Amino acid sequence: MDFKYDVIVIGAGHAGCEAAAAAANLGSKTCLITMDMNKIGQMSCNPAVGGIAKGQIVREIDALGGYMGIVTDRTAIQFRMLNRSKGPAMWSPRAQCDRGKFIWAWREILENTPNLHIWQDTVEELIVENGEVTGLVTCWGVTFHAKCIVLTAGTFLNGLMHIGHKKLAGGRIAEPASYHLTESITRHGITAGRMKTGTPVRIDGRSVHYELMETQDGENDFHRFSFMSEPRKLKQLQCWTCFTNEEVHKILREGLPDSPLFNGQIQSIGPRYCPSIETKIVTFPDKEQHQLFLEPEGETTQELYLNGFSSSLPMDIQLAALKKVPAFKDLVVYRPGYAIEYDYFDPTQLQHTLESKVIKNLFLAGQVNGTTGYEEAGGQGIIAGINAHINCHGGEPFTLARDEAYIGVLIDDLVTKGVDEPYRMFTSRAEYRILLRQDDADMRLTERAYKLGLVKQDRYEHLCSKREAVNSIIDFTKKFSIKAALINDALESLGTARLTHGCKLIDLINRPQVTIESIAEHIPAFKEMLNNITDRKEEIIEAAEVLIKYQGYIDRERMIADKIHRLEAIRIKGKFDYNSLNSLSTEARQKLIKIDPETLAQASRIPGISPSDINVLLVLLGR
């Protein structure tokens, strides 16, 4: 081994796996360095993928040729489509996975990827020459050389775990932290900070009284995470729900003086949208109960994850409180919950490609950028891996706009606004969420990835055949005429108003009570046309129906996005000495100097930049 590579990826979590696979599949000689090959793609917290907005990100990773969706489908033990009661812009897939099988599915993929090597070791130092990263040194004294390095170290950089007053160094339970690497990066001018996250107790399922809980079943329809996946093969399992009570809260309140979150032991900021149970009872003192979700960690194992009960309280307090929940009165656990503090780097020091503005050819992705969640990490990882390859071999930078992908929203938020708490994606963060639905991620992104070379011919042909089938359904409904006398009885049976005169089929499908499949039962020609679709029929019908019913909303949002694109086209990087522009507010000058935005649109999204500041820049540009 010569230890010389095009791209080296540090860390084999969700960001690292996607980054390494993308770079290697594009043709770069790639090495993935991990502390433990048996923990590749480890689900450090919840053994689940997807959720609100996160599911959309996984679909986008899959549409770009990444693997998170494929691995999730192979290892799913429960699948649900969340937010079905809302419009399709809000639908979000989520799956419970078998934690162990998830790791081995990733290993199988990575170890059989051409151009990709795996090295088990801990990185201690980056080698930087003349402002450019050229290699790294590991704890075993091995020196690697690389054209580009992608750092995806997760929570391992100077990681410190907390359970009550007990503190233990580590990047994850029973795994060592990574030392010295943060310092080897910050000495070059990159700013670091500390963040905190946590995870709940793990329960032995044999000690649970399931009869005292409500069951939560999954779904087993055609929906998947990957646009290329086969039906789920593992046994599909239940989840369960229950609630805390005042007795639980009393024990937790009495234990607060021993909580690292409230006694000053933890100084860093945790995720606002995934609070610990002790934070919940302090923030919502009048709330009598909080819902808990009990979720299986494996198809054939007994380990259960207690969603909603993250905690760093002393172990005896966690157990005493939980035993006041009737279903847990005989509770036995595998390990308590804990909090972890770790280093992250200011993401405003990154370009939209996720390359550092300070150190050339160094890319950062995942929790080291201040995000939280497997999906956010994977989305960053695939973009970093793509651009690391491009830096090695030439080509235009690959970025995604805010109206193209949730991944684009995520990265733009990070590099433009920065973070003051762990960043989690929500549909509300995307101003164009009607354009960014989970059902059309392939329509938005697969052709771009095909032109790049990351998506192969079979997937591209898959997309083309789907697009053709969807368009054929829509064209049929636009042209096919309906006579009132022949359809009125059917309309009445579907609970919608009768026709007074004829119309086009598309007008009937636009009614809330009517679906493509329900109306097709009463129109033989339409039913025959749909029956001719043999591959992915349900997926194609759903995609066509969404486009028919929501076309007006989609067109309106596209028009708004196109207007904003005019500002995206106005490049301002390098055109102003912001410090000398006294017509800008002081805050605007400071923020513009710090971020140095590429375009006027990016400048407009920086917190503290007002519309009047943007108008000043427009005037100075002579626009």
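Structure report, in brief. What you are looking at is a predicted structure, and each value in this text was computed from that prediction instead of being measured. (Residues numbered from 1 in each chain as written. Predicted model: local features only at pLDDT ≥ 70, side-chain atom pairs only at ≥ 80, totals over all residues. Heavy atoms only, no water.)

### Things to note about the overall build of the protein
Argument step 1. Counting secondary structure elements, the protein contains 20 helices and 21 strands.
Argument step 2. At 26 Å, the protein has a C-alpha radius of gyration in line with the 25 Å of a compact globule built from 623 residues.
Argument step 3. By principal-axis analysis of the C-alpha atoms, the protein measures approximately 80 × 70 × 55 Å.
Argument step 4. Looking at the protein residue by residue over its 623 residues, the buried ones come to 59%.
Argument step 5. Summarising the internal contacts of the protein: among those between residues at least 6 apart in sequence, 73% fall at separations of at least 24.
Argument step 6. Taken as a whole, the protein presents about 25,700 Å² of accessible surface, with 51% of it coming from carbon and sulfur.
Argument step 7. The protein carries 72 positive and 79 negative side-chain charges, and their two centres are separated by 2 Å. (Helix = DSSP H or I, 4+ residues; strand = E, 2+ residues; numbered from the N terminus. Rg over C-alpha atoms; globule rule 2.2 N^0.38 Å. Buried < 20%, exposed > 50% of the residue type's maximum accessible area, 1.4 Å probe, protein only. Contact = heavy atoms within 4.5 Å. Areas by Shrake-Rupley, 256 points an atom, 1.4 Å probe, with all protein chains shown as cover. Lys, Arg positive; Asp, Glu negative; His and termini not counted. Charge placed at Lys NZ, Arg CZ, Asp CG, Glu CD.)

### Describing unusual backbone geometry
Most peptide bonds are trans, and most residues other than glycine sit at a negative phi.
Argument step 1. Of note, the phi angle at F3 is positive, near 60°, even though the residue is not glycine.
Argument step 2. Tracing the backbone shows F3 in the segment before β1 (4–10).
Argument step 3. At H180, a position not held by glycine, the phi torsion is positive, near 75°.
Argument step 4. Relative to the helices and strands, H180 is located in the loop between β11 (166–169) and α5 (181–186).

### Let's talk about the packing of helix α2 (residues 54–63) against helix α11 (residues 441–452)
Argument step 1. Running from N to C, α2 and α11 point in directions that differ by 35°, and their axes come no closer than 8 Å. Taken as a pair, α2 and α11 cross one another with a handedness that is right-handed. Along the contact surface, α2 presents R59, E60 and A63, while α11 presents A441, D442, R444, L445, T446 and A449.
Argument step 2. Here the contact of α2 with α11 is built from residues that sort into 4 nonpolar, 1 polar and 4 charged. (Axes fitted to C-alpha atoms, helices over the stretch in contact; angles between N-to-C directions. Left-handed = near helix turned anticlockwise from the far one by under 90°. Nonpolar A, V, L, I, M, F, W, Y, C, P; charged D, E, K, R; others polar.)

### Here's the deal with α11
Argument step 1. Compared with an ideal rise of 1.5 Å per residue, which puts 12 residues at 16 Å, α11 spans 17 Å between its outermost C-alpha atoms and is within 8% of the ideal.
Argument step 2. Those residues of α11 that are buried are in contact with α2, α12 (457–479) and α17 (537–568).
Argument step 3. In the segment just after α11, G453 is the residue with positive phi, at about 105°. (Expected span 1.5 Å × (residues − 1).)

### Observations concerning the side chain of E557
Argument step 1. Along the polypeptide, E557 turns up in helix α17.
Argument step 2. One buried charged residue, E557, forms no salt bridge at all, with the nearest opposite charge on R556 at 6.3 Å. (Salt bridge = Lys/Arg side-chain N within 4 Å of Asp/Glu carboxyl O.)

### Here we look at the sheet that holds strand β4 (residues 76–82)
Argument step 1. Ordered by their spatial adjacency, 3 strands build an open sheet running β3-β5-β4, and the pairing between neighbours is antiparallel. The open sheet has two edge strands, β3 (48–50) and β4, and neither has a second partner. Across the sheet, the axes of successive neighbouring strands diverge by a mean angle of 15°, strand direction being ignored.
Argument step 2. As paired elements, β3 and strand β5 (residues 92–97) share 3 bridges and run antiparallel to each other. Across the sheet, residue G50 finds its bridge partner in β5, namely R94.
Argument step 3. α2 rests against β3 and β5 of the sheet, and its axis sits at about 85° to β5. (Pairing = 2+ DSSP bridges.)

### A short note on helix α8 (residues 315–322)
Helical periodicity: at 3.6 residues per turn, an α-helix aligns residues three or four positions apart in one direction.
Argument step 1. Looking at α8, one finds that the buried residues are I317, Q318, A321 and L322. Down the axis of α8, the buried side of the element spans an arc of 125°, and every buried residue falls inside it. (Arc of directions from axis to C-beta.)

### Brief notes about the pattern of salt bridges
Argument step 1. What the rule picks out here adds up to 46 salt bridges.
Argument step 2. Put simply, K101 and D98 hold a salt bridge, and the shortest N to O gap is 3.3 Å.
Argument step 3. Overall, K101 belongs to the partly exposed group, its relative accessible area being 33%.
Argument step 4. Residue R467 pairs with E447 through a salt bridge whose shortest N-O separation is 3.5 Å. Of this pair, R467 sits in helix α12 while E447 sits in helix α11, placing them 20 residues apart in sequence.
Argument step 5. Using a relative accessible area of 25% as the deciding quantity, one classes R467 as partly exposed.
Argument step 6. Taken together, the shared-partner salt bridges connect R402, D412, D413, K417, E431, E568 and R605 into one network.

### Observations concerning the packing of helix α3 (residues 68–75) against helix α4 (residues 99–111)
Argument step 1. Put simply, α3 and α4 touch, their axes get as near as 9 Å, and they point 135° apart. Considering the angle they form, α3 stands oblique to α4. Handedness of the α3/α4 crossing: right-handed. Contacts between α3 and α4 involve M68, V71, T72, R74 and T75 from the first element and K101, F102, A105, W106 and I109 from the second.
Argument step 2. Considered class by class, the residues forming the contact of α3 with α4 number 6 nonpolar, 2 polar and 2 charged. (Parallel < 35°, antiparallel > 145°, perpendicular 65-115°, else oblique.)

### Some thoughts on the pairing of strand β15 (residues 291–296)
For a regular strand, side-chain orientation follows a simple rule: the groups alternate between the two sheet faces.
Argument step 1. Pairing of strand β14 (residues 239–243) with β15, which is carried by 4 bridges, proceeds in the antiparallel orientation. The residue of β15 that forms the bridge with F243 is Q291.
Argument step 2. Between β15 and strand β16 (residues 303–310), which pair antiparallel in sequence order, lie 6 residues.

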